[in-house]
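Structure assessment
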Amino acid sequence: MQTIKYNAENWSGEEYKVTIRNKTFRASNGWKGTFADAGTLCAVEIDGYTFAAYKLENGEWNCDDSGISRTASNPVVAALKIGHNTI
């Protein structure tokens, strides 16, 4: 189990925590989901919305949707940041 604190990066300044366990996660705002990591590509499902995160050469993960792009050291966190901007 891993817990990560992150900023939503949606101009609200709000911070959340996500707990990752096996291939599932739950964020402190109530969102939950699953993910499938294929090495350099990761599909993240958040409450019925699916996002793709891909690993950059520097080891960070990038996720983009609707013209918005966010990076994080974890693919689930990168997808959650996009979710805070698009869901």
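Scroll up a little and you will see the structure.
Keep in mind that this is a model prediction, so the values were computed, not measured.

1. A closer look at the sheet that holds strand β8 (residues 68-72)
- What the eight strands build is an open sheet, ordered β1-β2-β3-β4-β5-β6-β7-β8; its pairing is antiparallel. Two strands close off the open sheet at either side, each with one partner strand: β1 (2-7) and β8. Within this sheet the neighbouring strands show an average axis-to-axis angle of 25°, counted without direction.
- Bridge analysis of β1 against strand β2 (residues 15-21) gives six bridges, and the strand direction is antiparallel. Across the sheet, residue Asn-7 finds its bridge partner in β2, namely Glu-15.
- Sitting on the sheet, helix α1 (residues 75-86) is in contact with β1, β2, β3 (24-27), β4 (32-37), β5 (41-46), β6 (49-55), β7 (61-65) and β8, with an inclination near 150° to β8.

2. Describing the pattern of salt bridges
- By the definition in use, this model includes three salt bridges.
- As a salt-bridge pair, Glu-9 and Arg-70 come within 3.6 Å of each other at their nearest N and O atoms. Here Arg-70 lies in strand β8 and Glu-9 lies in the loop between β1 and β2, a separation of 61 residues in the sequence.
- Notably, a salt bridge pairs Glu-9 with Lys-81, separated by 2.7 Å at the nearest N-O pair. Placement of Glu-9 in the loop between β1 and β2 and of Lys-81 in helix α1 is noted, with a sequence separation of 72 residues between them.
- Residue classification places Glu-9 among the partly exposed positions, given a relative accessible area of 31%.

Rules and cut-offs
- Residues numbered from 1 in each chain as written.
- Predicted model: local features only at pLDDT ≥ 70, side-chain atom pairs only at ≥ 80, totals over all residues.
- Heavy atoms only, no water.
- Pairing = 2+ DSSP bridges.
- Helix = DSSP H or I, 4+ residues; strand = E, 2+ residues; numbered from the N terminus.
- Axes fitted to C-alpha atoms, helices over the stretch in contact; angles between N-to-C directions.
- Contact = heavy atoms within 4.5 Å.
- Salt bridge = Lys/Arg side-chain N within 4 Å of Asp/Glu carboxyl O.
- Buried < 20%, exposed > 50% of the residue type's maximum accessible area, 1.4 Å probe, protein only.

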